[in-house]
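One letter stands for each residue in the lines below.
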Amino acid sequence: MKGHITRLLSVVLLISTAGSTAAAETDPQTGLLIAPGWELVSANCGVCHSHRLVTAQRGDADFWLNTIRWMQKTQGLWPLPEEQEQVIIDYLASNYSESEWGRRPPLAASLLPPAD
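Residues numbered from 1 in each chain as written. Predicted model: local features only at pLDDT ≥ 70, side-chain atom pairs only at ≥ 80, totals over all residues. Heavy atoms only, no water.

### So, the overall build of the protein
Counting secondary structure elements, the protein contains five helices and zero strands. N-terminal to C-terminal, the α/β element order of the protein is α-α-α-α-α. The 116 residues of the protein split such that 26% are buried. Taking as baseline every contact in the protein between residues at least 6 positions apart, the subset at least 24 positions apart corresponds to 55%. In the structure as shown, the protein presents an accessible area of about 8,800 Å², 61% of it carried by carbon and sulfur atoms. (Helix = DSSP H or I, 4+ residues; strand = E, 2+ residues; numbered from the N terminus. Buried < 20%, exposed > 50% of the residue type's maximum accessible area, 1.4 Å probe, protein only. Contact = heavy atoms within 4.5 Å. Areas by Shrake-Rupley, 256 points an atom, 1.4 Å probe, with all protein chains shown as cover.)

Quick look at the structure:
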């Protein structure tokens, strides 16, 4: 009985995961998810660095806004018109949010090698 439940749960998880990832279409040149605002992200973010740097990150709207502010303060990113900036942040927070997959949680101290 326990094996049947485990297999059933595995199948349900597999089906639900496959459905959510198959719907997302990506731009073949940039790797960005095609959704409202992706063109602005492509045009502004790809000027200074690879789009892969964008797609590898995960965060909420505050994370993306802080990232933009950091790039403006330290990396020479130009001022973005307020309306465009909001479209970019909305796109990034919607399509590259922490809820999608993000980094793994830190390892428990018991799993780390001993400190020298």
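### A short note on the packing of aromatic side chains
Overall, the coordinates contain two aromatic pairs when judged by the stated rule. With 5.0 Å between their ring centres and 80° between their planes, Phe63 and Trp64 make a pair best called edge-to-face. (Phe/Tyr/Trp six-rings, centres within 6.5 Å; stacked < 30°, edge-to-face > 60°.)

### Description of the environment of Gly31
Tracing the chain through its elements places Gly31 in the loop between helix 1 (2-22) and helix 2 (38-45). Taking C-alpha positions, Gly31 is 7.0 Å from His51, a pair spaced 20 residues apart along the chain. The contact partners of Gly31, leaving out residues within four places of it in the chain, are Thr26, Thr55 and Tyr96.

### Details of the side chain of Asn44
Tracing the backbone shows Asn44 in helix 2. Assessed through its relative accessible area of 14%, Asn44 is described here as buried. Those residues in contact with Asn44 that sit more than four places away from it in its chain are Trp78, Leu80, Gln84 and Ile88.

### Details of the nonpolar core
Membership of the largest hydrophobic core comes to 17 residues, with the highest contact counts inside it found for Leu32, Val41, Val54, Ile68, Tyr91, Leu92 and Tyr96. Among the secondary structure elements, those contributing two or more residues to this core are helix 2, helix 4 (61-74) and helix 5 (82-95). Among the elements that take part in this core, helix 5 stands out by supplying four residues, more than any other. (Core = buried A, V, L, I, M, F, W, Y, C linked by side-chain atoms within 4.5 Å.)

### Topic: the layout of surface pockets
The calculated volume of the largest pocket comes to roughly 380 Å³. Contributing to the lining of the largest pocket are 18 residues, with Cys45, His49, Leu53, Thr67 and Met71 lying nearest its centre. Of all elements in the fold, only helix 2, helix 3 (51-55), helix 4 and helix 5 reach the threshold of two or more residues within the lining of the largest pocket. The leading source of residues in the lining of the largest pocket is helix 4, at six residues. Looking at side-chain class alone, the lining of the largest pocket contains 13 nonpolar, five polar and no charged residues. (1 Å grid on protein atoms, 1.4 Å probe; cavity = no way out; pocket = protein on both sides within 12 Å on 5 of 7 lines; lining within 4 Å. Points joined across faces, edges and corners; volume = space filled by probe spheres on them. Nonpolar A, V, L, I, M, F, W, Y, C, P; charged D, E, K, R; others polar.)

Note that every value here comes from positions in space, so none of it alone points to a role or purpose.
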